[in-house]
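This is what each chain is made of:
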Amino acid sequence: MSLPTSGPFTGRLVTIQLGEPWDLGQALGWQPLVARILGVKQDEAGGVLLLQLEQPFVAEETLCEYFIARPRHEGVGIDGLLAGSAIHCALTRIPPDRLSAADPFDLGWWRGGIACIGELVP
């Protein structure tokens, strides 16, 4: 799968307001994180976004630049961002080499690491 180069989401900026984990939010001073949407995958669960932080950070000795974001609440999808709604999401950090994977949205390989919960704000 290659990432789409155009579409209603691609290239848009969103703000991430972290909620959990507490220690990560505190370490980052609870400052909002700005991210660019690099790709989107629509699915029956509401869709998934691939995000790139404008200002990556280091946590647990790991560079955090790319995240997969999935809505946390049933019946809520990523399309709400286009309507101007904030979306409560699970965010999972992925390494840069996952961008060239056959399906960069697939987290089946993930067994732990940097993950958080936050709100995506258009």
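Residues numbered from 1 in each chain as written. Predicted model: local features only at pLDDT ≥ 70, side-chain atom pairs only at ≥ 80, totals over all residues. Heavy atoms only, no water.

Undergrad: Which residues make up the overall build of the protein chain, and what values do they have?
TA: On a plain count of helices and strands, the protein chain comes out with one helix and six strands. Starting at the N terminus, the α and β elements of the protein chain follow one another as β-α-β-β-β-β-β. A compact globule built from 122 residues would reach a C-alpha radius of gyration of about 14 Å, and the protein chain, at 13 Å, matches this within 12%. In terms of overall dimensions, the protein chain has C-alpha extents of about 35 × 30 × 25 Å along its principal axes. Within the protein chain, the fraction of its 122 residues that count as buried is 36%. At a minimum sequence separation of 6, the contacts of the protein chain that also span at least 24 residues come to 56%. Carbon together with sulfur atoms contributes 50% to the accessible area of the protein chain, which is approximately 6600 Å² in total. Where the 8 positive side-chain charges of the protein chain centre and where its 14 negative ones centre are 4 Å apart. (Helix = DSSP H or I, 4+ residues; strand = E, 2+ residues; numbered from the N terminus. Rg over C-alpha atoms; globule rule 2.2 N^0.38 Å. Buried < 20%, exposed > 50% of the residue type's maximum accessible area, 1.4 Å probe, protein only. Contact = heavy atoms within 4.5 Å. Areas by Shrake-Rupley, 256 points an atom, 1.4 Å probe, with all protein chains shown as cover. Lys, Arg positive; Asp, Glu negative; His and termini not counted. Charge placed at Lys NZ, Arg CZ, Asp CG, Glu CD.)

Undergrad: With reference to specific residues and values, describe the sheet that holds strand S4 (residues 62-71).
TA: Taking strand neighbours around the barrel as the criterion, the six strands line up as S1-S2-S3-S4-S5-S6 in a closed arrangement whose pairing is antiparallel. Going across the sheet, the axis of each strand differs from the next one's by a mean of 45 degrees, ignoring polarity. As paired elements, S4 and strand S5 (residues 87-94) share six bridges and run antiparallel to each other. Across the sheet, the residue bridging to proline 71 is cysteine 89, located in S5. (Pairing = 2+ DSSP bridges. Axes fitted to C-alpha atoms, helices over the stretch in contact; angles between N-to-C directions.)

Undergrad: How would you explain unusual backbone geometry if you had to name every residue and give the values?
TA: The peptide bond linking glutamate 20 to proline 21 adopts the cis configuration, its omega dihedral lying at 0 degrees. The phi dihedral of glutamate 60 falls on the positive side, at around 50 degrees, and the residue is not glycine. Looking at the secondary structure, you find glutamate 60 in the loop between strand S3 (48-59) and S4.

Undergrad: Please provide a residue-by-residue account of the environment of tryptophan 30, values included.
TA: Structurally, tryptophan 30 is set in the loop between helix H1 (22-27) and strand S2 (33-41). The sequence separation of tryptophan 30 and glutamine 52 amounts to 22 residues, and the corresponding C-alpha distance is 18 Å. When near neighbours in sequence (up to four residues on either side) are disregarded, tryptophan 30 contacts Leu18, Gly19, Pro21, Trp22 and Gly25.

Undergrad: Please give an account of the nonpolar core that cites residues and values.
TA: Membership of the largest hydrophobic core comes to 24 residues, with the highest contact counts inside it found for Ile16, Leu49, Leu51, Phe57, Phe67, Leu91 and Leu120. Where this core is concerned, the elements lending two or more residues are strand S1 (13-20), S2, S3, S4, S5 and strand S6 (115-121). Ranked by the residues each element gives to this core, the list is headed by S3, at five residues. Beyond its immediate sequence surroundings of up to four residues, leucine 51 is in contact with Val14, Ile16, Ala35, Arg36, Ile37, Glu65, Tyr66, Phe67, Ala69, Leu91 and Leu120. Val48, Leu50, Tyr66 and Ile94 belong to the second largest nonpolar core, which has six residues in total. (Core = buried A, V, L, I, M, F, W, Y, C linked by side-chain atoms within 4.5 Å.)

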